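Notes for the structure review
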Amino acid sequence: MHRVEKVRGNAIPLNRADVDTDQIIPAKHLKRIERTGFGPFAFEAWRQDPDFVVNNPAYKDAPILLARQNFGSGSSREHAVWAIEGLGVQAVIAPSFADIFKNNCSKVGLLTIELPQADLDWLMARAEETPAAEIEVDLPSQTVRAGASWERHFEIDPFVKHRLLNGLDDIGLTLQHGDDITKFEEQRSDLKPRTLAAT
Amino acid sequence: MAPKTIIEKIWDQHVVREEAGQPDLLYVDLHLVHEVTSPQAFESMRLQNRKVRRPDLTFATVDHNVPTINRDLPNPDPLSDQQIRVLRENCHATGIPLFDIFNINQGIVHVIGPEQGLTQPGMTIVCGDSHTSTHGAMGALAFGIGTSEVEHVLATQTLPQLKPKTMSVEVTGTLSPGVTAKDVILEILQTIGVDGGIGHVIEYRGEVIRSLSMEGRMTICNMSIEGGARAGLVAPDDTTFAYLKGRKYAPQGEAWDRAVEEWRALATDEGAVFDKYVTLRGEDIVPTVTWGTNPAQSVSVTATVPDPESFETPQKREGAERSLKYMDLKAGTRIEDIAIDRVFLGSCTNSRIEDLRSAAKIVEGRKVAPTVTAMVVPGSGLVKKQAEEEGLDQIFVEAGFEWRDPGCSMCLGMNPDILLPGERSASTSNRNFEGRQGPGGRTHLVSPEMAAAAAIVGHFVDVREWVK
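Overview of the structure. Quantities reported herein were computed from a predicted structural model and do not represent experimental measurements. (Residues numbered from 1 in each chain as written. Chains lettered and ligands numbered in written order. Predicted model: local features only at pLDDT ≥ 70, side-chain atom pairs only at ≥ 80, totals over all residues. Heavy atoms only, no water.)

1. Focus: the overall build of chain A
Heads up, the rule is: Note on conventions: DSSP H or I runs of at least 4 residues are helices, E runs of at least 2 residues are strands, and numbering of each starts at the N terminus. The rule is simple: take the accessible area with a 1.4 Å probe, protein chains only, and divide by the maximum for that residue type; under 20% is buried, over 50% is exposed, in between is partly exposed. Contacts are assigned to residue pairs with any non-hydrogen atoms lying within 4.5 Å of each other. Accessibility throughout is a Shrake-Rupley quantity obtained with a 1.4 Å probe, and a residue counts as covered only by protein chains that appear here. Here the positive residues are Lys and Arg and the negative ones are Asp and Glu; neither His nor the chain ends is included. For this purpose, a charge sits on NZ of Lys, CZ of Arg, CG of Asp or CD of Glu.
Of the regular secondary structure elements, chain A holds 7 helices and 7 strands. Overall, chain A shows an N-to-C arrangement of helices and strands of β-α-β-α-β-α-β-α-β-β-β-α-α-α. Dimensions of chain A, computed from the C-alpha atoms along their principal axes, are close to 65 × 40 × 25 Å. Expressed as a percentage of its 199 residues, the buried residues of chain A come to 59%. Here the analysis covers contacts within chain A between residues at least 6 apart in sequence; of these, 69% occur between residues at least 24 apart. When the accessible surface of chain A is summed, it comes to about 8200 Å², and 48% of that surface belongs to carbon and sulfur atoms. Here chain A carries 23 positive and 30 negative side-chain charges, and the mean point of each set is 3 Å from the other.

This is how it looks when you write it as structure tokens:
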């Protein structure tokens with residue numbers, strides 16, 4: 001996983017609640033066997049509308065996405081994270097995220113930041129009025145800054161923060177505890193099913 | 001010892017390693033794999049030279065994009081064909097057993113786990129699919145994961161996980177005839193909302209849950225994710241044991257008795273405390289139809305499409321307006337006046353033998369309305385076979401339904417089974433998101449009985465009148 005420390009740039013105001021993963025990346029595009037190439041299909045149906053915010057050239061390549069509560073609800077498809085990354089987004093700020101989506105983001109290195117509704121109202125209005133207005137997300141200090149005087153602290157799981165800051169691979173970390181896993185397996189109940197006959 | 005919920009008991013039994021400031025490392029008893037969310041995981045394993053730790057705790061099937069018709073012909077979609085082929089190659093290379101497309105055991109991953117007896121009480125089960133929560137019906141802690149986590153489980157048979165909060169959803173009393181498990185979960189979702197379960201695992205409790213069959217419990221647990229909960233479960237009881245006994249992978253003989261004893265001990269202790277409580281009365285639940293574009297937007301079949309102005313928050317009002325626009329519905333329209341074009345009986349929510357039986361009862365001796373195209377997609381090869389042995393296929397075919405091969409089909413529209421733009425369906429699946437069943441398609445979620453009745457009359461109808 002790549003390291004994440006700071007994200008700075010303008011933000012796309014996606015002013016909708018409960019944005020589900022079928023909107024982020026429709027199922028018909030899940031047939032690729034690669035992790036890349038999903039960006040062009042992100043929000044495909046909504047992009048049919050020329051006025052949809054993601055189509056607005058003023059937000060092209062914006063590294064931050066602003067959204068409403070329960071962003072990323074629905075399916076477990078990590079393709080949704082890959083699609084948003086494919087748009088060039090490196091951080092999503094919303095009042096809440098669906099669990100699996102948030103988890104998937106933490107594995108890929110896409111920052112998910114939760115701020116209260118009122119803060120999103122303010123950031124959303126600002127991004128709508130001034131598309132070039134910059135936001136800075138600072139992971140080490142867990143701070144979001146917008147302009148000279150607006151600053152908010154955000155919470156993040158300390159271990160996720162540690163992994164993101166150091167670009168640590170989760171699987172590599174777990175494999176260091178191979179002995180613990182083996183020990184667990186030795187005392188595990190023999191009543192549990194196996195899909196293959198024991199050899 | 002402090003009283004514990006079933007959720008905490010299963011959790012504690014699977015902690016491989018815990019350290020302050022870190023998520024617990026949780027052991028995974030069973031990992032289910034399918035063609036869509038696994039290829040990138042296997043590829044990454046290869047690049048890193050990592051081995052599958054426990055192929056014997058893993059199985060795979062093809063379900064998401066398999067055709068449900070003309071399987072003996074070449075797959076019309078080269079990309080789907082490639083995904084299926086890649087899964088076959090990956091399973092072959094790693095020793096993971098695969099229920100392939102022509103295997104009688106092939107089917108929707110959440111139908112075949114319980115059907116084979118692989119899903120058992122007290123287990124931890126994961127799959128790269130959000131409806132993994134289905135397996136909770138057997139008293140397992142089962143949740144959906146993304147592709148990076150699929151790779152993590154393949155490589156280590158564990159997952160680092162933050163301990164979830166617990167939520168008790170109790171449904172008291174009894175259900176009226178014609179009211180089903182699907183109506184119960186739609187009512188629960190309407191109560192807790194699409195994000196009410198975030199960060200929680202639900203235990204479904206109460207007389208109504210206890211009186212449900214395993215199929216009904218699976219329908220309820222299946223849609224836990226629609227309320228934002230990653231998992232939902234039901235404590236195992238005699239209904240669970242009767243379902244499981246004698247299945248291929250269930251313990252046999254003396255091992256069975258020992259297992260049942262262990263499983264009984266999983267039930268939530270008297271005095272255990274949940275983080276959140278919700279209670280519903282079974283008597284208040286009616287046949288339900290979704291009118292919007294998320295599964296919490298539903299009303300009684302006898303009601304009308306709600307007025308967006310009637311919602312409390314500006315966000316809900318805005319959401320309702322957007323939903324009605326997409327669904328091409330007007331506030332105040334009677335639900336029974338909504339005409340449908342397609343009926344889909346299937347999906348991991350409602351494609352099991354009991355679902356097909358109860359729909360067949362409605363359909364028997366009647367004909368599908370001339371304005372409706374209707375299809376039945378059984379959840380697995382074994383469900384299909386059993387239904388054919390019971391003559392259900394004949395009932396459906398004579399009424400004018402198409403009788404298909406097992407797979408996810410029109411639930412998510414990855415194969416050719418999709419709605420055309422503007423078409424409206426009565427669907428037994430789990431999601432009515434915009435475009436879920438095909439771009440521009442409009443989905444109403446209902447029970448199998450309600451879908452069957454709608455197929456016959458061409459619009460929604462109160463199925464309670466039919467089962468009197």
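2. A look at the interface of chain B and chain A
Basically, it comes down to this: What counts as buried area is the accessible surface, traced by a 1.4 Å probe, that two parts surrender upon association, with contributions from both included. In the sections that follow, a salt bridge refers to a side-chain nitrogen of Lys or Arg positioned within 4 Å of a carboxyl oxygen of Asp or Glu.
Contact with chain B, which involves 81 residues of that partner, is made by 62 residues of chain A. Taking both partners together, chain B and chain A bury about 5700 Å²; carbon and sulfur atoms supply 55% of that area. Together, Q40, D56 and Q315 of chain B form the three largest contributors to the area buried by chain B at its contact with chain A, with a combined 11%. Where chain B touches chain A, the interface holds 11 salt bridges. The partner of D29 of chain B in a salt bridge is R188 of chain A, with the nearest N and O atoms 2.8 Å apart.

3. Some remarks on unusual backbone geometry
Residue and element names in this part refer to chain B. Even without a glycine there, the phi angle at Q157 is positive, about 60°. Locating Q157 in the fold gives a position in the loop between α5 (147–156) and β8 (158–161). Residue Q157 is classed as buried on the basis of its relative accessible area, which comes to 1%. Even without a glycine there, the phi angle at D328 is positive, about 55°. As for its placement among the helices and strands, D328 is situated in the loop between α11 (314–327) and β15 (342–345).

4. Considerations on the packing of helix α12 (residues 353–363) of chain B against helix α14 (residues 392–399) of chain B
All names here are of chain B. Let me state the cut-off plainly: In this analysis an axis means a line fitted to C-alpha atoms, helices contributing only their contacting stretch, and an angle means the value between N-to-C directions, from 0 to 180 degrees. Each angle is binned into one of four classes, with values under 35 degrees roughly parallel, values over 145 roughly antiparallel, values of 65 to 115 roughly perpendicular, and all other values oblique. In this scheme the handedness of a crossing depends on how the near helix is turned from the far one: anticlockwise by less than a right angle means left-handed, clockwise means right-handed. All residues other than Ala, Val, Leu, Ile, Met, Phe, Trp, Tyr, Cys, Pro, Asp, Glu, Lys and Arg, Gly among them, are scored as polar; the first ten of these are nonpolar and the last four charged.
Direction vectors running N to C along α12 and α14 enclose 45°, while the axes themselves pass 10 Å from each other. Taken together, α12 and α14 sit at an angle that is classed as oblique. For the crossing formed where α12 meets α14, the hand is left-handed. In this structure, α12 uses I353, L356, R357, A359, A360 and V363 to contact α14, whose residues at the interface are L392, I395, F396 and A399. Across the contact of α12 with α14, the residue classes tally to 9 nonpolar, no polar and 1 charged.

5. Here's the deal with the pattern of salt bridges
Note that side chains of opposite charge can pair when their charged atoms are close. In the structure shown here, the tally under the stated rule is 53 salt bridges over all chains. The partner of K31 of chain A in a salt bridge is D77 of chain B, with the nearest N and O atoms 2.6 Å apart. Separated into two different chains, K31 of chain A in the loop between α1 (21–24) and β2 (64–66) and D77 of chain B in the loop between β4 (58–61) and α3 (78–94) make up a pair that spans both. The same class applies to K31 of chain A as to D77 of chain B, namely buried. A salt bridge links E185 of chain A to R53 of chain B, with the shortest nitrogen-to-oxygen separation between them at 2.8 Å. Separated into two different chains, E185 of chain A in helix α7 (residues 178–186) and R53 of chain B in the loop between α2 (39–47) and β4 make up a pair that spans both. Classification of E185 of chain A by relative accessible area gives buried; the value is 18%. Connected through shared salt-bridge partners, R8, E134, E136, R145 and E151 of chain A make up one network.

6. A closer look at the environment of D337 of chain B
Inspection of the secondary structure assignment puts D337 of chain B in the loop between α11 and β15. Sequence-wise, D337 of chain B and H459 of chain B are 122 residues apart; in three dimensions their C-alpha atoms are separated by 6.4 Å.

7. Regarding helix α4 (residues 117–129) of chain A
Residue and element names in this part refer to chain A. Applicable threshold: To estimate how far a helix should reach, multiply one less than its number of residues by 1.5 Å. The directions considered for the arc are those from the helix axis to the C-beta atoms.
With 13 residues, α4 ought to run about 18 Å at 1.5 Å a step, and its terminal C-alpha atoms sit 18 Å apart, in line with that. All buried positions along α4 are accounted for by D119, L120, L123, M124, R126 and A127. Considered in projection along α4, the buried side chains sweep an arc of 165° and stay on one side of the axis. Structural note: α4 exposes A118 and E129 on the side pointing more than 90 degrees away from its buried face. Next to the buried residues of α4 lie β1 (6–13), β2, β3 (91–94), β5 (134–138), β6 (143–146) and β7 (150–153).

8. Focus on the packing of aromatic side chains
To be explicit about the condition: For Phe, Tyr and Trp, rings pair up if their centres lie within 6.5 Å, where Trp contributes its six-membered ring, and each pair is then called stacked (planes under 30 degrees apart), edge-to-face (over 60) or tilted (otherwise). Two conditions define a charge sitting above a ring: the NZ of Lys or the CZ of Arg must be within 6 Å of the ring centre, and it must be within 35 degrees of the ring normal.
In the structure shown here, the tally under the stated rule is 16 aromatic pairs over all chains. Ring plane angle 15° and centroid distance 6.4 Å describe the contact between F97 of chain A and F101 of chain A, whose orientation is recorded as stacked. For F97 of chain A, a relative accessible area of 1% translates into the label buried. Measuring from ring centre to ring centre gives 5.2 Å for F396 of chain B and F401 of chain B, while their planes differ by 75°; the resulting arrangement is edge-to-face. Both residues of the pair, F396 of chain B and F401 of chain B, count as buried. Taken together, the ring pairs connect F43, W46 and F52 of chain A into an aromatic cluster. For R16 of chain A, the ring lying beneath its charged end belongs to W46 of chain A, and the centroid distance is 4.1 Å.

9. Some points on the environment of T37 of chain B
By the element assignment, T37 of chain B lies in the loop between β3 (30–33) and α2. T37 of chain B sits in the buried class, given a relative accessible area of 6%. With 174 residues separating them along the chain, T37 of chain B and S211 of chain B place their C-alpha atoms 35 Å apart. When near neighbours in sequence (up to four residues on either side) are disregarded, T37 of chain B contacts H79 of chain A together with G128, T147 and V150 of chain B.

10. A short note on the side chain of R77 of chain A
All names here are of chain A. To be explicit about the condition: Between N or O atoms, a polar contact is any pair within 3.5 Å; within protein, one atom must be a potential hydrogen donor and the other a potential acceptor, and residues adjacent in sequence are included only when both atoms are from side chains.
Within the secondary structure layout, R77 lies in the loop between β2 and α2 (79–86). For R77, a relative accessible area of 4% translates into the label buried. One polar contact links R77 to D22, side chain to side chain, over a distance of 3.5 Å. Among the polar contacts listed, one links the side chain of R77 to the side chain of S75, at a separation of 2.7 Å.

11. A look at the sheet that holds strand β1 (residues 15–17) of chain B
Quick note on the threshold: A pair of strands is treated as paired once DSSP finds two or more bridges between them.
An order of β1-β2-β8 (chain B) is seen for the 3 strands of this open sheet, with the pairing classed as antiparallel. Either end of the sheet is taken by a strand with one partner, and the two such strands are β1 and β8 of chain B. In this sheet, adjacent strand axes meet at a mean angle of 40° when their direction is disregarded. Relative to β8 of chain B, strand β2 (residues 24–27) of chain B runs antiparallel, the two being bridged by 4 bridges. Residue pairing in the sheet places L25 of chain B in a bridge with P160 of chain B of β8 of chain B. Contacting β1, β2 and β8 of chain B, α7 of chain A crosses the sheet at an angle of about 145° to β1 of chain B. Across the sheet, helix α1 (residues 6–13) of chain B touches β1, β2 and β8 of chain B, and the angle it forms with β1 of chain B is around 40°.

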